[in-house]
Amino acid sequence: DVADLKLIDTKQARISGELAETHHQEIGSGIGYRLAYKQDSKRLKADFHLARTTSTFDNLSSSFNQGSGEAGGKLDYAVDKNLHLIGEFARTENVESGSTTVGAKVALQKRLPKSLVLAVGMRYATSNTGSMDMLTAPSALDTNFQQTTVIAKVSRRFDCLYKTALALDFEQDPIRAGKHD
């Protein structure tokens, strides 16, 4: 059983929701829901969502994961036509174990002449489920992981080549700058 709801739907903003219930003979009934907010105005573009399912929710074709919770969003605020403040946030959890993973990023993005874009900011990640990424975590056996990094990105669009861009990314943990794990 699925119910889709459009709570608000205007030219600039939209709030929608979805509620689903499953029935399985062996594991019983399960429930999942998702709420979403989108805004697209002249200076602000935002996309936020919240979803959660019970551990008995059983629908393989659903965008919901069984027994999980998730909240996240993206925000792009135009300070002016060439300067944007960009933010992202995500939090996931396992409903049964309570383990969580949280990540956030904030950056200033500046458009420069000749299709160049420069972005600088910070990224934060934490997890109590073990290492999030074996390449960046201190140990693959950690049960609690936390990291803050400085990020920079330079990109350039090439108008002469259809939808082609070149990007250089840099990310460094200032606390572990001298360590090579």
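Predicted model, so just to flag it, every value in this text is computed and none were measured.

**Some thoughts on the overall build of the chain**
No. 1: Summing up its helical and strand segments, the chain has zero helices and 10 strands in all.
No. 2: Walking the chain from its N terminus toward its C terminus, one meets helices and strands in the order β-β-β-β-β-β-β-β-β-β.
No. 3: Residue burial in the chain is summarised as follows: out of 181 residues, 25% are buried.
No. 4: By element, 56% of the accessible surface of the chain is carried by carbon and sulfur atoms, the whole surface being about 12,600 Å².

**Describing the pairing of strand β9 (residues 145–158)**
No. 1: Note: strand β8 (residues 116–127) against β9, 12 bridges, orientation antiparallel. Paired with M122 across the strands is V150, a residue of β9.
No. 2: By the bridge criterion, nine bridges tie β9 to strand β10 (residues 164–172) in an arrangement that is antiparallel. Across the sheet, residue V154 finds its bridge partner in β10, namely L168.
No. 3: The turn linking β9 back onto β10 is made up of five residues, and K163 within it adopts a positive phi angle of 50°.

**Quick word on unusual backbone geometry**
No. 1: Within the chain, K114 stands out as a residue other than glycine whose phi angle is a positive 60°.
No. 2: Take K114: it is sitting in the loop between β7 (100–112) and β8.
No. 3: Despite not being glycine, S115 has its phi angle at roughly 60°, a positive value.
No. 4: Among the structural elements, S115 can be located in the loop between β7 and β8.

**What about the pairing of strand β4 (residues 44–53)?**
No. 1: Two strands pair when backbone bridges link them, and strand β3 (residues 28–40) and β4 are joined in this way by nine bridges, in the antiparallel orientation. Residue pairing across strands places Y33 opposite R52, the latter belonging to β4.
No. 2: Taken together, β3 and the strand that follows it, β4, pair antiparallel across an intervening segment of three residues.
No. 3: Pairing analysis gives nine bridges linking β4 to strand β5 (residues 68–78), with the strands arranged antiparallel. By the bridge assignment, L44 is partnered in β5 with Y77.

**Observations concerning a nonpolar patch on the surface**
No. 1: On the surface, Y77, V79, L85, V106, L108, L112, L118, V120, M122, V150, V154 and L168 cluster together into a nonpolar patch covering about 940 Å² of accessible area.
No. 2: Tracing the sequence through the fold places L118 in strand β8.

**Overview of the pattern of salt bridges**
No. 1: Tallied over the full model, the rule gives six salt bridges.
No. 2: For the salt bridge of D47 with K38, the shortest nitrogen-to-oxygen distance reads 4.0 Å.
No. 3: Among the residues examined, K38 registers a relative accessible area of 45% and is labelled partly exposed.
No. 4: Salt bridges sharing partners connect three or more residues here, namely R52, R91 and E93.

**Describing the confidence of the model for the chain**
No. 1: Of the residues in the chain, 86% reach a pLDDT of 70 or more, and the chain-wide mean stands at 84.
No. 2: Here residues 130–142 is a poorly scored stretch, pLDDT under 50, and it has 21 contacts once near neighbours within four places are set aside; other chains count.

Cut-offs applied
- Residues numbered from 1 in each chain as written.
- Predicted model: local features only at pLDDT ≥ 70, side-chain atom pairs only at ≥ 80, totals over all residues.
- Heavy atoms only, no water.
- Helix = DSSP H or I, 4+ residues; strand = E, 2+ residues; numbered from the N terminus.
- Buried < 20%, exposed > 50% of the residue type's maximum accessible area, 1.4 Å probe, protein only.
- Areas by Shrake-Rupley, 256 points an atom, 1.4 Å probe, with all protein chains shown as cover.
- Pairing = 2+ DSSP bridges.
- Patch = residues over 30% accessible without salt bridge, like charges linked within 9 Å, V, L, I, M, F, W, Y side chains within 5 Å.
- Salt bridge = Lys/Arg side-chain N within 4 Å of Asp/Glu carboxyl O.
- pLDDT = per-residue confidence, 0-100.
- Contact = heavy atoms within 4.5 Å.

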